[in-house]
Amino acid sequence: MELSVRIERWPLAGTFTISRGSKTEAVVVVAELSDGAHRGRGESVPYARYGETADRIVAAIEALRPALQHGLGRAALQGALPPGAARNALDCAYWDVNAKQAGRRVHDLAGLGLPAPLTTAYTISLATVAAMAEAAERAASRPLLKVKLGGGEDDGKRIAAVRRAAPRAELIVDANEGWAADDLERNVAACAEAGVTLIEQPLPEGADAALARIKRPIPVCADESVRDRASLDALAGRYDAVNIKLDKAGGLTEALALAAEAERRGFIVMVGCMVATSLAMAPAMLVAQRARVVDLDGPLLLAKDRPEGLRYKGSLAYPPEPALWG
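Along each chain, numbering runs from 1 in the same order as the chain's sequence is written. Per-residue local features are limited, in this predicted model, to residues with pLDDT of at least 70; the limit for side-chain atom pairs, both in listing and counting, is 80 or more; totals at the level of whole chains, interfaces and linings are taken over all residues. Water and hydrogen atoms were dropped before computing side-chain values, which therefore reflect all heavy atoms in the structure.

As for empty space enclosed by the protein
Item 1. The way it works is a 1 Å grid over only the protein atoms, where trapped points that fit a 1.4 Å probe form a cavity and open points with protein on both sides within 12 Å along at least five of seven lines form a pocket, and then any residue with an atom within 4 Å of a point lines it. Grid points are joined across faces, edges and corners, and a volume is the space filled by probe spheres set on the points. This structure, assessed with the given rule, holds one cavity of 30 Å³ or more.
Item 2. Here the largest cavity defines a volume of roughly 90 Å³.
Item 3. In terms of lining, the largest cavity is formed by 13 residues, of which the most central are L246, D247, C273, M274 and A280.
Item 4. Those elements that provide at least two residues to the lining of the largest cavity are α9 (246-249) and α11 (278-288).
Item 5. Here a strand is any run of E in DSSP of at least two residues, a helix any run of H or I of at least four, and the numbering for each starts at the N terminus. The element that contributes the greatest number of residues to the lining of the largest cavity is α11, accounting for three residues.
Item 6. Under the convention adopted here, Pro, Cys and the residues Ala, Val, Leu, Ile, Met, Phe, Trp and Tyr are nonpolar, Asp, Glu, Lys and Arg are charged, and Gly plus all remaining residues are polar. The class makeup of the residues in the lining of the largest cavity is eight nonpolar, two polar and three charged.

Following this line, the structure appears as structure tokens:
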């Protein structure tokens, strides 16, 4: 396979803020594989939480150029790179080019059923109580809102204000490791009062033992604490759900295996994303077919998506067309 790889920057429609910081653009890495007649693409987002940068991801992909030219395939790729954004971009590019070579869709190659449209969460960024209430009011007609918390003592006020502004929406909360163990029960109680149905990663990875010691009236979902199947052993007794992201798992191949193993162990499956274009959402749509919670709103946060991007009708996301991926 011949390789090309590049960094792209996609402006956001506004500012996206979580407990770790803010950004105004999505920086993505796109890998393309070609056999001379067929081309496949994969998009990934460097995950700063794990020390990834766009330049490092490009370098990791470029380092495999000789192996790719000498026949390194998708199966061997799983051991050639660790879980992360570099492997994700190449893995998804392989699925795409292999589907084109076979004249079939990726879901067919993977032994999956025909994908259906799915309702995705829509994210309310972390901000002041008033600003989050205003954002929630604008999005109140959406059926599922994901509320970013992790901003200190006002989190209880934030989630209460969002609930008042969007009384009919299902709410899930993502603290992005931003809570402390001392605040855990108070914040969980505030979420329960607001009718929240899922809480993502309330405590930092490696400092989440308190989750095993409290009552969990709301399912708690691991995000930063889970990457691939090897992460699952450490979650027992602390988490009820796992958020699968292709950039963490290292591609569609591992994400599908992780979803199956998580289900086997009794975890609720959520499928999430980084802020990226529809090219990154397309393979995640296949994993999301078996998820209880779907959070693939990345393109909705951009000022402009790819011209062949996913079709969204409100919060309903439709599977990709072949012109995009798969």
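Past the structure itself, the notes keep going.
Here's the deal with unusual backbone geometry
Item 1. Its identity is not glycine, yet N176 carries a phi of approximately 50°, on the positive side.
Item 2. Examined against the element boundaries, N176 turns out to sit in the loop between β7 (170-174) and α8 (184-193).
Item 3. Each residue's exposure class comes from its accessible area (1.4 Å probe, protein chains only) as a fraction of the maximum for that residue type: buried when under 20%, exposed when over 50%, partly exposed otherwise. Residue class for N176 comes out buried when judged on its relative accessible area of 4%.
Item 4. Positive phi, normally seen in glycine, also occurs at E177, with a value near 65°.
Item 5. By relative accessible area, which is 12% here, E177 ends up buried.

A few points about the state of the cysteines
Item 1. Throughout, a disulfide means two cysteine sulfur atoms within 2.5 Å of one another. Taken as a whole, this structure holds zero disulfides when the rule is applied.
Item 2. In this structure C92 is not part of a disulfide, and its nearest cysteine sulfur, from C273, lies 13 Å away.
Item 3. A residue is classified by how much of its surface remains accessible, and C92, at 2% relative accessible area, is buried.
Item 4. With no disulfide of its own, C191 lies closest to C221 among cysteine sulfurs, the gap being 14 Å.
Item 5. Residue class for C191 comes out buried when judged on its relative accessible area of 1%.

Section: the packing of helix α1 (residues 54-62) against helix α4 (residues 85-102)
Item 1. Interhelical geometry of α1 versus α4 gives an angle of 55° and a closest axis separation of 8 Å. Comparing the axis directions of α1 and α4 gives the class oblique. In this structure, α1 crosses over α4, and the sense of that crossing is right-handed. Here I57, A60 and I61 of α1 lie close against α4, whose contacting residues are A85, A86, A89 and L90.
Item 2. A class-by-class count of the residues in the contact of α1 with α4 yields seven nonpolar, no polar and no charged. Helix axes are fitted to C-alpha atoms over the stretch in contact, other axes to C-alpha atoms as well, and angles between N-to-C directions run from 0 to 180 degrees. Should an angle fall under 35 degrees it is called roughly parallel, over 145 degrees roughly antiparallel, and 65 to 115 degrees roughly perpendicular, with every other angle called oblique. Crossing handedness follows the turn of the near helix against the far one: under a right angle anticlockwise gives a left-handed crossing, and clockwise gives a right-handed one. Only heavy atoms enter the contact rule, under which two residues are in contact if any of them lie within 4.5 Å.

Some remarks on the side chain of D155
Item 1. Here D155 lies in helix α7 (residues 155-165).
Item 2. Judged by its relative accessible area of 1%, D155 falls in the buried class.
Item 3. Among the polar contacts made by the side chain of D155, one reaches the side chain of R158 at a distance of 3.0 Å.
Item 4. Looking at D155, its side chain comes within polar contact range of the side chain of W179, at 2.8 Å.
Item 5. Discounting residues that sit within four places of it in the chain, D155 has contacts with L149, G150, W179 and N187. Polar contacts here mean pairs of N or O atoms no more than 3.5 Å apart (in protein, one a potential hydrogen donor and the other a potential acceptor; neighbouring residues in sequence count only if both atoms are side-chain atoms).

Quick notes on the pairing of strand β3 (residues 39-44)
Item 1. Burial of β3 is extensive: five of the six residues sit out of reach of the surface.
Item 2. The pairing criterion for strands is at least two bridges between them, as found by DSSP. Once strand β2 (residues 21-34) ends, the chain turns through four residues before running back antiparallel as β3, passing G36 with a positive phi of about 100°.

Here we look at the sheet that holds strand β9 (residues 220-222)
Item 1. Pairing within the open sheet is parallel, and its eight strands lie in the order β5-β6-β7-β8-β9-β10-β11-β12. Of all the strands in the sheet, just β5 (122-124) and β12 (293-294) have a single pairing partner and so form its edges.
Item 2. Here β9 runs beside strand β10 (residues 241-244); their pairing, made up of two bridges, is parallel. For C221, the partnering residue across the bridge sits in β10 and is A241.

Some thoughts on the packing of aromatic side chains
Item 1. When two rings of Phe, Tyr or Trp (its six-membered ring) have centres within 6.5 Å they constitute a pair, described as stacked for plane angles under 30 degrees, edge-to-face for angles over 60, and tilted for the intermediate range. Applying the stated rule across the entire model yields one aromatic pair.
Item 2. A ring is considered to have a charge above it if a Lys NZ or an Arg CZ atom is located within 6 Å of its centre and within 35 degrees of its normal. Of note, R74 hangs over the ring of W95, and the distance from its end group to the ring centre comes to 3.7 Å.
Item 3. Its end group placed over the ring of Y122, R142 keeps NZ or CZ at 4.2 Å from the ring centre.

Looking at the nonpolar core
Within soluble globular proteins, side chains that are nonpolar generally end up buried alongside one another.
Item 1. In these notes, a set of buried Ala, Val, Leu, Ile, Met, Phe, Trp, Tyr and Cys residues joined through side-chain atoms within 4.5 Å is what counts as a nonpolar core. If you look at the biggest cluster of nonpolar residues, it comprises 86 residues, and the most contacted ones within it are V173, W179, V196, L252, L296 and W325.
Item 2. When residues in this core are grouped by element, the largest group, nine residues, is from α11.
Item 3. Leave out the neighbours within four places in its chain, and L296 touches T120, V271, G272, C273, M281, A284, M285, A288 and Y312.
Item 4. Listed in part, the 22 residues of the second largest apolar core include L81, A85, A93 and Y94.

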